[in-house]
Amino acid sequence: MGEMEQLRKEAESLKDEITAARKAVQDLTLQDHVAGTAVVGRVQLKTRKTLRGHLSKIYAVHWGDSKLCVSASQDGKLIVWDSYTTNKVHAIPLKSSWVMTCAYAPSGNMVACGGLDNMCSIYNLKGKDGNVKVMRELAAHTGYLSCCRFLNDNEIITSSGDCTCVLWDIETGSQKTVFAGHLGDCMSLGVAPDFNTFISGACDFTAKLWDIRDGQCRQTFGGHESDINAIGFFPNGNAVITGSDDASCKLYDLRSDQELITYQDSGIMCGVTSLAPSLSGRLILAGYDDFNCNIWDSLKAERVGVLSGHDNRVSCIGVTPDGMACCTGSWDSFLKIWN
Amino acid sequence: MSGSSNIVAMKKVVQQLRFEANINRVKVSQAAAELQQFCIQNALQDPLLTGVSSSTNPFRTQKVCSFL
């Protein structure tokens, strides 16, 4: 038997070992455990604010704190909004209008964006003369930038269509760590509440958990039947939620290393574009290609609400850090704040 | 030679699978209990779940009432 054939056999046998190990701890299913729990009551959220100003499709939104958020549109602008007043705090013109993602630094000092230019551009919001300027252009990816998230003012993680994720040093503009392993475009990433790990979802239908400091892929989760477009941590950091083109969302538990529940409905046949859990994790808000956002009871896997109001695809969603509201962004060029 | 780079790549795949196979796994019953517990413990502090009264809703413009 050739070496390649031997390695292939070993890989198959290890995959079987993982499947068996996961089954071995499946003493109960999540459904069994919550059988006695009632579904949450109907959740009816209303649009409280509509943020108008973008001239084209909105691709991303990210909360900086519970009042300020940044949005990115293919009109070539990043807008920082005061969501309480709907005022535009900053309107930042971009070099490349083909933006696909944006992020707000936890400190509130910077924002970042990127897209088909394959770069992640960092903007300093607190420059001395009050003007917002490009602080750094992080270039090295050989594919589009699909998502980015700040760890702090000097470190940011990016995911790319080149199938890798990268941890950057913003000051030097260099790649600290390259996270390689996905076999398809990386579409989305989420940082753990304790900032030690992050998760990535990709077009190879898997989600991977990575150790930020040693670069190791710790766990890989399969089960989806198409591209994973959206990913996020359950608020306690012990589970991961994914949204896919296969029209379903899934919850994977990190400690038992397996899928616990799927959120799907025979009436939903379009892809999930975005998702965000509520503060307690009990609700999962997910944006879909059919212009709606569905609200799921995360434990009972039942739909408990719908946010309808956009006239085109809901491309992005985010819940404020204080859990008070969620923001949806759409290809209809508007952002809506709901609670 | 492309043959040997395929073998190097495959060795990495096997190494990664071996790593993932060896992690500790907690019983699903325990994991499920902890997820549910977290939801219950934080339910009352989850505004999207409990609802937000207009007086405490930062997104609701305050209407001022005055006695004439």
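The shown structure was predicted, so the numbers you read here are calculated from the model rather than taken from an experiment. (Residues numbered from 1 in each chain as written. Chains lettered and ligands numbered in written order. Predicted model: local features only at pLDDT ≥ 70, side-chain atom pairs only at ≥ 80, totals over all residues. Heavy atoms only, no water.)

**What to know about the overall build of chain A**
Secondary structure assignment for chain A yields two helices and 28 strands. Computed over the C-alpha atoms, the radius of gyration of chain A is 20 Å, within 12% of the 20 Å expected from 2.2 N^0.38 for a compact globule of 339 residues. Each of the three principal axes of chain A carries a C-alpha extent, and together these read 65 × 50 × 30 Å. Element-wise, carbon and sulfur atoms account for 48% of the exposed surface of chain A, whose accessible area totals about 12,900 Å². Each charge sign in chain A was given a centre, from 31 positive and 39 negative side chains, and these centres are 8 Å apart. (Helix = DSSP H or I, 4+ residues; strand = E, 2+ residues; numbered from the N terminus. Rg over C-alpha atoms; globule rule 2.2 N^0.38 Å. Areas by Shrake-Rupley, 256 points an atom, 1.4 Å probe, with all protein chains shown as cover. Lys, Arg positive; Asp, Glu negative; His and termini not counted. Charge placed at Lys NZ, Arg CZ, Asp CG, Glu CD.)

**Thoughts on the pairing of strand 4 (residues 77-82) of chain A**
Residue and element names in this part refer to chain A. Taken across its six residues, strand 4 has five buried, putting it largely inside the fold. In this sheet, strand 4 lies alongside strand 3 (residues 68-73) in antiparallel orientation, the contact comprising six bridges. Paired with Leu68 across the two strands is Asp82, which belongs to strand 4. Where strand 3 folds back onto strand 4 in an antiparallel hairpin, the turn is made up of three residues, including Gly76, whose phi is positive at roughly 85°. Bridging between strand 4 and strand 5 (residues 87-93) involves six bridges; their strand directions are antiparallel. Looking at strand 5, one finds that Trp81 is bridged to Lys88. (Buried < 20%, exposed > 50% of the residue type's maximum accessible area, 1.4 Å probe, protein only. Pairing = 2+ DSSP bridges.)

**Focus: helix 2 (residues 28-42) of chain B**
Between its first and last C-alpha, helix 2 of chain B extends 21 Å over 15 residues, near the 21 Å set by a 1.5 Å rise per residue. Those residues of helix 2 of chain B hidden inside the fold are in contact with helix 2 (30-33), strand 19 (239-244), strand 20 (249-253) and strand 21 (258-263) of chain A. (Expected span 1.5 Å × (residues − 1). Contact = heavy atoms within 4.5 Å.)

**As for the packing of aromatic side chains**
Evaluated as defined, the whole model comprises eight aromatic pairs over all chains. Considering the side-chain rings of Tyr84 of chain A and Phe59 of chain B, the 5.1 Å spacing of their centres and the 80° angle between planes classify their relative orientation as edge-to-face. You can see Tyr84 of chain A sitting in the loop between strand 4 and strand 5 and its partner Phe59 of chain B sitting in the segment after helix 3 (47-50), one on each of two chains. The exposure class assigned to Phe59 of chain B is buried, which follows from its relative accessible area of 2%. With 6.2 Å between their ring centres and 15° between their planes, Phe198 of chain A and Trp210 of chain A make a pair best called stacked. You can see Phe198 of chain A sitting in strand 15 (residues 197-202) and its partner Trp210 of chain A sitting in strand 16 (residues 207-211), a full twelve residues away along the chain. For Phe198 of chain A, a relative accessible area of 0% gives the class buried. On the basis of relative accessibility, which here comes to 1%, the residue Trp210 of chain A falls in the buried class. Through pairs of rings, three or more aromatic residues link up here, namely Phe179, Phe198 and Trp210 of chain A. (Phe/Tyr/Trp six-rings, centres within 6.5 Å; stacked < 30°, edge-to-face > 60°.)

**Some details on the sheet that holds strand 20 of chain A**
Residue and element names in this part refer to chain A. Strand order in the open sheet formed by four strands is 18-19-20-21, and the pairing between neighbours is antiparallel. Where the open sheet ends on each side, the last strands, each with one partner, are strand 18 (228-233) and strand 21. In this sheet, adjacent strand axes meet at a mean angle of 25° when their direction is disregarded. By the bridge criterion, five bridges tie strand 20 to strand 21 in an arrangement that is antiparallel. Across the sheet, Tyr252 pairs through a bridge with Glu259, a residue of strand 21. (Axes fitted to C-alpha atoms, helices over the stretch in contact; angles between N-to-C directions.)

**Notes on the UniProt feature "repeat: WD" (unreviewed entry) in chain A**
Residues given the UniProt feature "repeat: WD" (unreviewed entry) here are residues 51-91, 138-178, 179-220, 221-262 and 307-339 of chain A. Segment residues 221-262 of chain A splits into 0% helix and 55% strand. End C-alpha atoms: 13 Å apart. (UniProt positions renumbered as here; feature names shortened; annotations may be inferred.)

**Concerning the pattern of salt bridges**
Across all of its chains, the model carries 19 salt bridges over all chains by this definition. For Asp129 of chain A, the salt bridge is made with Lys133 of chain A, and the minimal N-O distance between the two is 3.8 Å. Measuring nitrogen to oxygen at the nearest pair gives 3.0 Å for the salt bridge that ties Arg25 of chain B to Asp257 of chain A. Taken together, the residues span two chains, with Arg25 of chain B in the loop between helix 1 (2-21) and helix 2 and Asp257 of chain A in the loop between strand 20 and strand 21. Each member of the pair, Arg25 of chain B as well as Asp257 of chain A, is classed as buried. The structure contains a network of salt bridges with shared partners spanning Arg22 and Asp257 of chain A together with Arg25 of chain B. (Salt bridge = Lys/Arg side-chain N within 4 Å of Asp/Glu carboxyl O.)

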